[in-house]
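# Residue-level structure breakdown
Here are the chains, one letter per residue:
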Amino acid sequence: MINHNLFAALQAAFPADLDAVAVEAAEPDGSSLKYSWRDLKRATAMVANLLVSLDLAEGSRVAVQVEKSVEAMVLYLATLRAGYVFLPLNTAYQSAEIEYFIGNAEPAVVVCSPGNFGWVSKIAFTAGTRHVFTLGDDRTGSLLERAAQCSDQHSPVKKADDDLAAILYTSGTTGRSKGAMLTHGNMLSNALVLKHYWGWKPGDVLIHALPIFHVHGLFVAIHGALINGSKMIWLSKFDPKVVLRKLPEATVFMGVPTLYVRLLAEPGLNRDAARNMRLFVAGSAPLLIETFTEWQRRTGHTILERYGMSETAMLTSNPCGPDPRYGGQSERRGGTVGFPLPGVHLRVQDDEGRAVPVGEVGGIQVQGPNVFKGYWRMPEKTAEEFTADGYFRTGDVGKIDERGYVTIVGRSKDLIISGGYNVYPAEIEGFINELPGVAESAVVGVPHPDFGEVGVAVVIARPGVAVDGAAIVAELKAKLANFKIPKHCDVVPELPRNTMGKVQKNLLREQYKGLFV
Ligand code: MCA
Ligand code: AMP
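To keep things clear, this report deals only with the structure shown in the data block. (Residues numbered from 1 in each chain as written. Chains lettered and ligands numbered in written order. Predicted model: local features only at pLDDT ≥ 70, side-chain atom pairs only at ≥ 80, totals over all residues. Heavy atoms only, no water.)

### Let's talk about unusual backbone geometry
What counts, and what does not: Here a strand is any run of E in DSSP of at least two residues, a helix any run of H or I of at least four, and the numbering for each starts at the N terminus. Only protein chains enter the area calculation, which uses a 1.4 Å probe; residues under 20% of their type maximum are buried, those over 50% are exposed, and those in between are partly exposed.
One non-glycine residue with positive phi stands out, namely Ser284, at about 90°. As for its placement among the helices and strands, Ser284 is situated in the loop between strand E12 (279–282) and helix H11 (289–299). With a phi close to 50°, Ala313 is a non-glycine residue in the positive phi region. By secondary structure assignment, the location of Ala313 is in strand E14 (residues 313–317). Overall, Ala313 belongs to the buried group, its relative accessible area being 7%.

What follows is the structure, given as structure tokens:
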């Protein structure tokens, strides 16, 4: 059997000179720590051997909620290498959120920050997890202490194309979060397509400034660099000043739109700073045309916008060079997400399942080797999201123009994308409605200059009860990840409703659209 282990493919692309720098962790104070390709090889082998020594069942999940560090990436790669299933968790998640993910995924191993061991291990042990390790962003913790005693030799475990490599939780418009199951084949196919489509070359250097618990930072960025044998300049946290300082040493940068907005606010961002850059990639949320054109003006570079999902990894991209499938067009068109990637079939249908004419709007559906295997332990939900002929309904609404460019015009799912993180109003409303004195609530997304979009909560109090918007926000802060907290909360006598009694969120969006801009 051919080994389809994604790690094996990534490792095969490591350069011949194993002593060259693979990752340079850049600190805000100007210092840096360098890791060679040999270091990556050895460290992933040691952590993989630690996991193997635990004698875990086939397909065991390794759930990880740790601060970003090179060692956290090593843990991801080691999990692939050892053939287990990686389950990354946003560091902002609080106990109720973690309790759900651990209860639902039943991981055999949980790795958390040393400071969170008390509450995370309690949740994990209660849920039946046998092994809880700690990993700090300063190389402390039990994971590395234990791995240090393991051998640095390890053969990547044999995996089939269809074997699970990772589960990414993504919230739903109704009900609880669903775990999107991604296979080794999903991710390797996507990494190889992007390597070619984005023209990765020898000598490319990536600035990695995104978090590593979502598709963008964990897969698109890390796989992109590794499968090209490219060095990464690693920022543990996005800092526009550090990015600007390191830009002359780099050729590729990837960011959500907020990162571009914040970089544009730096007076030092100019053509000279970007002189060695080859490619700026944006995605995860809509890139405003103002950001796109201002970036061109300031740096001379045209941002390449692409589109993807947790369930599918990358789906479309503006061209990096001439695309022969589309008459050699090479223009990166602002406001569009470009062409379907090679191997991805993308169509736009109306609600009755008919293809819409060119240029008309409908639901975006996709098929391809990158499309996930289904939602973890939710076969009915999985079946609902696929058409009879095997296309995945993205929940995004868009159109394809006569030149083949895809534009996303909205979402049929009630979702707010704030600074690249997804916030589901239904989840926030559920928490608000539980608070004493609250009769009902509606959460809507409104434009925001930094995060693109943020949540605003509009609440009705129970008769005769005084409820305070600021107090609601304070209560939510104790329960939910910080990026999900509405940036404003109003208590009103009534919500606008249609004749069926349904809250008209479009009217609320209109009413609050000028709150931050
Ligand atoms: C931080 N805050 C936010 C957000 N981030 N509020 C709304 N939306 C956000 N995204 C708030 C915090 O609640 C806090 O508020 C205050 O800002 C400062 O928090 P801090 O963590 O220090 O913020 P930051 O470091 O400035 O973070 C902003 C950020 C971060 C760098 C833009 O949000 C980020 O890294 N975003 C990238 C997300 C990403 O990688 N998405 C890819 C998903 P308070 O002080 O009131 O508590 S993958 C995906 O979508 C698909 C597949 C795709 O296509 O890629
Ligand atoms: P998630 O599943 O959390 O990774 O979020 C995926 C969603 O992000 C998609 O379904 C889109 O709604 C949105 N998205 C990703 N990239 C873009 C983009 N370039 N423009 C607009 N929306 C995007």
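### Notes on the sheet that holds strand E19 (residues 392–400)
Note: strands within a sheet are paired through backbone hydrogen bonds, in either parallel or antiparallel orientation. For the record, the criterion: Paired strands are those between which DSSP finds at least two bridges. Note on method: axes are straight lines fitted to C-alpha atoms, helices fitted across the in-contact stretch only, with angles between N-to-C directions ranging 0 to 180 degrees.
If you walk across this open sheet you meet the four strands as E16-E17-E19-E20, and the pairing is antiparallel. Across the chains shown, the open sheet's two edge strands, defined by having one partner strand only, are strand E16 (345–349) and strand E20 (406–411). This sheet shows a mean twist of 45° between the axes of neighbouring strands, independent of strand direction. Here four bridges tie strand E17 (residues 362–367) to E19, and the two strands are oriented antiparallel to one another.

### So, the pattern of salt bridges
Note the following rule: A side-chain nitrogen of Lys or Arg and a carboxyl oxygen of Asp or Glu constitute a salt bridge if their distance falls within 4 Å.
This structure, assessed with the given rule, holds 31 salt bridges. One salt bridge in this structure joins Arg354 and Glu352, with 3.4 Å as the shortest N-O distance. A relative accessible area of 58% means that Glu352 is categorised as exposed. Through salt bridges that share partners, Glu24, Lys231, Lys246 and Glu249 make up one connected network.

### Re the packing of helix H4 (residues 95–105) against helix H5 (residues 117–126)
Definition in use: Any angle that is under 35 degrees is reported as roughly parallel, and any over 145 degrees as roughly antiparallel; angles of 65 to 115 degrees are reported as roughly perpendicular and all others as oblique. By convention the crossing between two helices is left-handed if the near helix lies anticlockwise of the far one by an angle smaller than a right angle, and right-handed if it lies clockwise. Whether two residues are in contact is decided by their heavy atoms, any of which lying within 4.5 Å being enough.
For the pair H4 and H5, the least separation of the axes is 9 Å and the interaxial angle reads 30°. It follows from the interaxial angle that H4 and H5 lie roughly parallel. Note that H4 runs across H5; the crossing there is right-handed. Judged by residue contacts, Ser95, Ile98, Glu99 and Ile102 of H4 engage Trp119, Ile123 and Ala124 from H5.

### Some points on the site of ligand 2
For clarity, the cut-off: Residues are labelled near a given molecule or strand when at least one of their non-hydrogen atoms is within 4 Å of it. Polar contacts, as used here, are pairs of N or O atoms within 3.5 Å; protein pairs need one atom able to donate a hydrogen and one able to accept it. Residues neighboring in sequence count only if both atoms are side-chain atoms. For the accessible areas, the method is Shrake-Rupley and the probe is 1.4 Å, while residue cover comes only from the protein chains on display.
By nearness alone, 18 residues border ligand 2, and Glu305, Arg306, Asp396, Lys413 and Asn422 come closest of all. In the model, a nitrogen atom of ligand 2 is placed 3.1 Å from a nitrogen or oxygen of the Ser284 main chain. One nitrogen or oxygen atom from the side chain of Asp396 is found 2.6 Å from an oxygen atom belonging to ligand 2. Burial of ligand 2 by the protein amounts to 90% of the accessible area it has alone, namely 500 Å². Those elements giving two or more residues to the shell around ligand 2 turn out to be strand E13 (304–309) and E20.

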